[in-house]
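# An overview of the molecular structure
Take a look at the letters that make up each chain.
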Amino acid sequence: MAGRGFQTVQQQALRDFAQAMAAFFDPGNPAGRPSWRKAGRDEGFRITGRRGRQWDVRRVSRKVGQVWVPKAGWVRFRWSRAVPPEVKSYRVRMDRAGRWHVAFAAVPDPVPAPGNGQVVGIDRGVAVSAALSTGELLRCPGLTGRERIRLRRLQRRLARAARGSNRRGQVKCAIARLRARETDRRKDWAEKASTGIARRFDVIRVEDLQIGTMTRSARGTRENPGRNVRAKAGLNRGILRSGWGLLVRRLEDKAPGRVEKVKPHYTSQRCSACGQVDRDSRESQAVFRCTACGFACHADVNAAINIAAGHAVTARGGDGAARPVNREPHLLASLTGRG
Ligand SMILES: [Zn+2]
């Protein structure tokens, strides 16, 4: 039975975890950052069941919480976000930077609609993460210039380091820490931006981009190799880094039923003032200047205005694909061992 096999794996992982945690929190073992058996990424496991029986969570002080891990007992973590009362499970995992996390699976509470009848269109950009039809440009923070220089230096060092060497492991870990920092910033940005937008507008329109297929499709298949692979891959990386997908997911969580997906056709070539469609109006990546009426605007904002005026394709069936059912659990607290 497949279920039983899985259970065994989980029990084993748990034993390892208990040992690792014991070492991790042992004051006599200051270097005791546990390493996961498989030097993989995002290893972890999930604890489910009745809260108070199979598992539990409690707050010890303002910054410290404890979670009951079967066989390991109460484990302290840094209480970084509120744990909602309706959580049904949690996941313990170690990220690529070697930090332990405990994530309680919960979908963020919907933000009440302002009731002002306002509609906003949002265009995803590459240079700018998102442009609103109000003219606002939102930038998702990434790594700073200095951090990017450091990252490149580390990557060069990694290329030179001998396979399986200690040094290589250290460099890898340093790279992972930088990447984790970037991810943290992106998540934080998506949370704040989505809450702000859900609070200010009744209807939120976004392009129906299906970012999943888009990011995967650049390379193409052997029979049907992708065209322009290099350029597309660069664009896709940009989209991922801009946190667009995350922003849309969070908007859907926080404004359920108020997010509408619009066909992206011509939104970047259409003049939002006179309606003429002409690819030459897109003067550059950043500038839109209508060849018919002369209207000039930030190109992403022009697109966002078109999106705001667009017709939803997924709101009532339409031809849009249904959104995936499993929503990503919200990372509510992190366990870094520092707290
Ligand atoms: Zn025009």
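Keep in mind the model is a prediction, meaning the values are calculated, not measured.

Cut-offs and rules
Residues numbered from 1 in each chain as written. Predicted model: local features only at pLDDT ≥ 70, side-chain atom pairs only at ≥ 80, totals over all residues. Heavy atoms only, no water. Axes fitted to C-alpha atoms, helices over the stretch in contact; angles between N-to-C directions. Helix = DSSP H or I, 4+ residues; strand = E, 2+ residues; numbered from the N terminus. Parallel < 35°, antiparallel > 145°, perpendicular 65-115°, else oblique. Left-handed = near helix turned anticlockwise from the far one by under 90°. Contact = heavy atoms within 4.5 Å. Nonpolar A, V, L, I, M, F, W, Y, C, P; charged D, E, K, R; others polar. Donors = N, O, S within 2.8 Å, 3.2 Å for Na, K, Ca; no water. Tetrahedral: all angles 85-135°; square planar, octahedral: opposite > 155°, others 65-115°. Buried < 20%, exposed > 50% of the residue type's maximum accessible area, 1.4 Å probe, protein only. Salt bridge = Lys/Arg side-chain N within 4 Å of Asp/Glu carboxyl O.

What follows covers the packing of helix H3 (residues 166–200) against helix H6 (residues 244–254). Close contact between H3 and H6 brings their axes to 9 Å; oriented N to C, the two are set at 40°. Here H3 is positioned oblique relative to H6, judged by the angle of their axes. Considering the relative orientation of H3 and H6, their crossing is right-handed. For the pair H3 and H6, contact is made by Arg-186, Lys-187, Trp-189, Ala-190, Glu-191, Ala-193, Ser-194, Thr-195, Ile-197 and Ala-198 and by Leu-246, Leu-247, Arg-250, Leu-251 and Lys-254, respectively. A breakdown of the residues in the contact of H3 with H6 according to their chemical character gives eight nonpolar, two polar and five charged.

Right, let's get into the coordination of the zinc ion. Here the zinc ion is held by Cys-271 (SG), Cys-274 (SG), Cys-290 (SG) and Cys-293 (SG), and the distances to it run 2.3 Å. In this structure, the zinc ion is surrounded by four donor atoms whose angles at the metal cover 106 to 115°, and the resulting shape is tetrahedral. Read in sequence order, the donor residues coordinating the zinc ion give the pattern C-x2-C-x15-C-x2-C. You can see Cys-271 sitting in the loop between strand E11 (259–262) and strand E12 (287–289) and its partner Cys-290 sitting in the loop between E12 and strand E13 (296–298), a full 19 residues away along the chain. A residue is classified by how much of its surface remains accessible, and Cys-290, at 4% relative accessible area, is buried.

Once that is clear, we can look at the pattern of salt bridges. Considering all chains together, one arrives at 13 salt bridges under this definition. Salt-bridge contacts for Glu-252 lead to Lys-261; the nearest nitrogen and oxygen are separated by 3.5 Å. Summarising the burial analysis for this pair, Glu-252 and Lys-261 share the class buried. With its nearest N and O atoms 3.9 Å apart, the salt bridge here joins Arg-282 to Asp-300. Remark: Asp-300 occurs in helix H7 (residues 299–309) and Arg-282 occurs in the loop between E11 and E12; sequence separation between them is 18 residues. Take Arg-282: its relative accessible area is 26%, and that puts it in the partly exposed class. Taking the relative accessible area as the measure of exposure, Asp-300 reaches 9% and is therefore buried.

Just distances and angles here, no functional claims.
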